[in-house]
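Listed below are the residues making up each chain.
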Amino acid sequence: MTYDLVALVDGRPSSKDVLAGLMAAGEDLGVRAVSEGAVIQLCDEENNPLVSMEAPQLVQVPGEVERMLGVGIGPIQTPVWWIEVRASATQGARELAERYVDTLTTRLGGRVWSPEGAGEVRLPSTADGE
């Protein structure tokens, strides 16, 4: 079963932010773009996708994030950048996805939504020393 996350970041992710997230997820992984670049995938040594990240989408409508993710998320200030991340069922993929979104939200500000805990939002960890 896949594991989905949504990073809600305060600033527009630059290519440097995306690269930092990819490096934090795993330096030894392959990277490929699919769907004409709308999705970036981190892949194992056999080129099997482990984590897929969709292109950031700007949400400007007040209340739209809460409508999409549920009222449990609480109020989210707009505008906000919405980045969907999906980890495959492969062992370790979930942790890769979490490192990616934690890096983005640490660099840009924001929060991470996951389906666990009835839509609770978790703040990025700072255990990696950043």
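Fair warning: this is a prediction, and the values are worked out from it, not measured in the lab.

### Description of the overall build of the protein
Tallying secondary structure elements over the protein gives three helices and eight strands in all. Along the chain direction, N to C, the helices and strands of the protein fall in the order β-α-β-β-β-β-α-β-α-β-β. Across the 130 residues that make up the protein, the buried fraction comes to 40%. The contacts in the protein between residues at least 6 apart in sequence include a share of 57% that link residues at least 24 apart.

### Points about the packing of aromatic side chains
Following the criterion strictly, the structure yields zero aromatic pairs and no others. A cation over a ring is seen here: Arg 94 above Tyr 3, with NZ or CZ 4.0 Å from the ring centre.

### Considerations on helix H1 (residues 15-25)
Every α-helix winds through 3.6 residues per turn, so residues three or four apart in the chain are directed the same way. Regarding H1, the residues found buried are Asp 17, Val 18, Gly 21, Leu 22 and Ala 25. Down the axis, H1 shows its buried residues gathered within 135° of arc, on one side only. Facing away from the buried surface of H1 by more than 90 degrees, the exposed residues are Ser 15, Lys 16 and Leu 19. Residues of H1 that are buried in the fold lie against strand S2 (30-34), strand S3 (39-43), strand S4 (49-54) and helix H3 (93-108).

Parameters and conventions
- Residues numbered from 1 in each chain as written.
- Predicted model: local features only at pLDDT ≥ 70, side-chain atom pairs only at ≥ 80, totals over all residues.
- Heavy atoms only, no water.
- Helix = DSSP H or I, 4+ residues; strand = E, 2+ residues; numbered from the N terminus.
- Buried < 20%, exposed > 50% of the residue type's maximum accessible area, 1.4 Å probe, protein only.
- Contact = heavy atoms within 4.5 Å.
- Phe/Tyr/Trp six-rings, centres within 6.5 Å; stacked < 30°, edge-to-face > 60°.
- Lys NZ or Arg CZ within 6 Å of the ring centre and 35° of its normal.
- Arc of directions from axis to C-beta.

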